[in-house]
2 protein chains.
Amino acid sequence: MEQQVSAVDVAVSPLQKFQEYLATRKMRVTPERTAIVEEVFSYHEHFEAEELVERLTMQQTVRRVSRSTVYRTLNYLEEAGLLRKVARTNDREVYEHDYGYEQHDHLICRNCNTLIEFNNDEISRMLEQVAAANGFVMEGHRLEVHGLCEACSRPRRHPKLGLI
Amino acid sequence: MEQQVSAVDVAVSPLQKFQEYLATRKMRVTPERTAIVEEVFSYHEHFEAEELVERLTMQQTVRRVSRSTVYRTLNYLEEAGLLRKVARTNDREVYEHDYGYEQHDHLICRNCNTLIEFNNDEISRMLEQVAAANGFVMEGHRLEVHGLCEACSRPRRHPKLGLI
DNA sequence: GTTATTGCAAACCATTTGCAAGTGT
DNA sequence: ACACTTGCAAATGGTTTGCAATAAC
């Protein structure tokens, strides 16, 4: 199970797409923004803002990027349609890039906080229908299924420890 | 369109159910808790914590209930399975009582923040399937469909003003 | 040269919490 | 009486923001 994630063919790279977005807003391409976009798209898993700050601090390829800039850029990426908030655990937003890979949703274990990805086209199709029926133009969705993962629901046998 | 909401037959009242929950936890029935539960279930719409505080302050039937107590009680109601967080708008959690009325989800307009309810059994059924396929025990879900409502997506004609 | 961007530290703000006084059981 | 609750004010903690210095264009 390497990088076998559901890659979708895309014409332009995420970085290019972000630069287009910046251009339309008269915003600038800076080394900080570039580093953030590359880091976000180099890793195909959900992440939290703080995690990204750390990853960027680690690989000191560019000059250190401040937390503020990370947060600011995450917001722009979201507006640009390259990123989405997929959940909220422990009061922190969980992000995931949303370009070049199929949209998917998550099962969230209330005990160990593990996120299990899944995707189901029927659900997406159904959401489109519901939206249309309400004159609503759907741009995206956020679906969290809460409950207990297999390990944590197994009665008295080494359930994974919670994060608290 | 009065109280025609999808009422489901329930044996015990929400208040009773909450009292049972309190009992099992050796917690006490206080006028504050009672007032909160009654207020929450007297109104069949989504609401925010602050809104509830105001409604309780308004009708001074009981002695004023503090914000802290409201927050604390909302958490207990959630644990008791009587309430759920259905969305997050403007950095505030949006609650909705989840007992005696069918579960439903929402279309959220990114421009005017309006929430449109909908429910779709097929989606629920499908979620159960997905959960089962992953050995996951589903306890609930949260589904937000983001986009633009009819009014706000109509190009240049009096779109409803945003909240900001 | 202008105008946007950065990092810092301070501000925000919804929600939580410590604590002393009050109250169900 | 005992233990649980309340309101208050203060703390928390993720995220945002004002501002002076700095860098894109």
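Residues numbered from 1 in each chain as written. Chains lettered and ligands numbered in written order. Predicted model: local features only at pLDDT ≥ 70, side-chain atom pairs only at ≥ 80, totals over all residues. Heavy atoms only, no water.

**Comments concerning the domain arrangement of chain A**
All names here are of chain A.
Line of reasoning, step 1. We note that the domain assignment places domain 1 (6-102) and domain 2 (103-154) within chain A.
Line of reasoning, step 2. Inter-centroid distance (C-alpha atoms) of domain 1 to domain 2 is 22 Å.
Line of reasoning, step 3. Counting from both sides, the interface comprises 15 residues of domain 1 and, opposite them, twelve residues of domain 2.
Line of reasoning, step 4. Summed over both partners, the interface of domain 1 with domain 2 comes to about 1100 Å²; 39% of that surface belongs to carbon and sulfur atoms.
Line of reasoning, step 5. Taken together, domain 1 and domain 2 are joined by one salt bridge.
Line of reasoning, step 6. For Glu-93, the salt bridge goes to Arg-142, with nearest N and O atoms at 3.6 Å.
Line of reasoning, step 7. Taken together, the connections running from domain 1 to domain 2 amount to five residue pairs in polar contact (both at pLDDT 80 or more).
Line of reasoning, step 8. Counting residues per element, the ones that place at least two in the side of domain 1 that touches domain 2 are strand 2 (83-89) and strand 3 (92-97).
Line of reasoning, step 9. At six residues, the largest contribution of residues to the side of domain 1 that touches domain 2 is made by strand 2.
Line of reasoning, step 10. Partitioning the side of domain 1 that touches domain 2 into residue classes produces four nonpolar, three polar and eight charged. (Domains from an automatic or database assignment. Contact = heavy atoms within 4.5 Å. Buried area = accessible area lost by both parts, 1.4 Å probe. Salt bridge = Lys/Arg side-chain N within 4 Å of Asp/Glu carboxyl O. Polar contact = N/O pair within 3.5 Å; in protein donor to acceptor, adjacent residues only side chain to side chain. Helix = DSSP H or I, 4+ residues; strand = E, 2+ residues; numbered from the N terminus. Nonpolar A, V, L, I, M, F, W, Y, C, P; charged D, E, K, R; others polar.)

**Focus: the relation of the copies chain B and chain A**
Line of reasoning, step 1. Here chain B sits on chain A after a turn of 179 degrees about the axis and a move of 0.0 Å along it, with an RMSD of 0.2 Å. On this basis, the relationship between the two copies can be described by a two-fold rotation axis. Distance from the rotation axis, computed per C-alpha, reaches its smallest value in chain B at Leu-143 of chain B: 2.2 Å.
Line of reasoning, step 2. By residue overlap, the copies meet face to face through one surface: 100% of the interface positions of chain B are interface positions in chain A. (Least-squares fit on C-alpha atoms with pLDDT ≥ 70 in both.)

**Re the packing of helix 3 (residues 49-58) of chain B against helix 4 (residues 67-79) of chain B**
All names here are of chain B.
Line of reasoning, step 1. Where helix 3 meets helix 4, the axes come as close as 10 Å, and the angle between the chain directions of the two elements is 125 degrees. One finds that helix 3 runs oblique with respect to helix 4. As helix 3 packs across helix 4, the resulting crossing turns out to be right-handed. Only Arg-67, Val-70, Tyr-71 and Leu-74 of helix 4 make contact with helix 3, whose side of the interface consists of Ala-49, Glu-50, Leu-52, Val-53 and Leu-56.
Line of reasoning, step 2. Within the contact of helix 3 with helix 4, the residues separate by chemical class into seven nonpolar, no polar and two charged. (Axes fitted to C-alpha atoms, helices over the stretch in contact; angles between N-to-C directions. Parallel < 35°, antiparallel > 145°, perpendicular 65-115°, else oblique. Left-handed = near helix turned anticlockwise from the far one by under 90°.)

**Side note on the protein's contact with DNA strand C**
Line of reasoning, step 1. Near DNA strand C there are 23 residues, and of these Arg-28, Arg-33, Arg-64 and Thr-69 of chain A together with Tyr-71 of chain B occur at the shortest range.
Line of reasoning, step 2. Taken together, the sugar and phosphate atoms account for 71% of what DNA strand C places within 4 Å of the protein.
Line of reasoning, step 3. With respect to DNA strand C, the side chain of Arg-64 of chain A contributes an N or O atom lying 2.4 Å from a phosphate oxygen.
Line of reasoning, step 4. Side-chain polar atom of Ser-66 of chain A to a phosphate oxygen of DNA strand C: 2.6 Å apart, as the coordinates give it.
Line of reasoning, step 5. Among the elements of the structure, helix 2 (31-41) and helix 4 (67-79) of chain A together with helix 4 and strand 3 (92-97) of chain B are those that each provide at least two residues to the surface near DNA strand C.
Line of reasoning, step 6. The dominant element in the surface near DNA strand C, judged by the number of residues it contributes, is helix 4 of chain B, at four residues. (Near = heavy atom within 4 Å.)

**Things to note about the protein's contact with DNA strand D**
Line of reasoning, step 1. Lining the immediate environment of DNA strand D, one finds 23 residues, of which Tyr-71 of chain A together with Met-27, Arg-64, Ser-66 and Thr-69 of chain B sit closest.
Line of reasoning, step 2. For DNA strand D, the fraction of atoms within 4 Å of the protein that belong to sugar or phosphate moieties is 69%.
Line of reasoning, step 3. Ser-68 of chain A places a side-chain nitrogen or oxygen 3.3 Å from a base oxygen of DNA strand D.
Line of reasoning, step 4. With respect to DNA strand D, the side chain of Arg-64 of chain B contributes an N or O atom lying 2.5 Å from a phosphate oxygen.

**Here we look at the interface of chain B and chain A**
When the parts of a complex come together, some accessible area is lost, and that lost area is often taken as the interface size.
Line of reasoning, step 1. Contacts between chain B and chain A engage 33 residues on the former and 33 residues on the latter.
Line of reasoning, step 2. Summing the contributions of chain B and of chain A, the shared interface buries around 2900 Å²; its carbon and sulfur component is 65%.
Line of reasoning, step 3. When the buried surface of chain B facing chain A is broken down by residue, Met-126, Phe-136 and Arg-142 of chain B rank first, second and third, together holding 21% of it.
Line of reasoning, step 4. Put simply, Arg-110 of chain A and Glu-139 of chain B hold a salt bridge, and the shortest N to O gap is 2.4 Å.
Line of reasoning, step 5. Where chain B touches chain A, the interface holds twelve residue pairs in polar contact (both at pLDDT 80 or more).

**What to know about the sheet that holds strand 6 (residues 137-148) of chain A**
Line of reasoning, step 1. Pairing is mixed in the open sheet, where six strands are placed in the order 5(A)-4(A)-6(A)-6(B)-4(B)-5(B). In this open sheet, the two strands that pair with only one neighbour each are strand 5 (115-118) of chain A together with strand 5 (115-118) of chain B. Recorded for the sheet is a direction-independent mean angle of 25 degrees between the axes of neighbouring strands.
Line of reasoning, step 2. Two strands pair when backbone bridges link them, and strand 6 of chain A and strand 6 (residues 137-148) of chain B are joined in this way by eleven bridges, in the antiparallel orientation. In the strand pairing of strand 6 of chain B, His-146 of chain A is matched with Gly-140 of chain B. (Pairing = 2+ DSSP bridges.)

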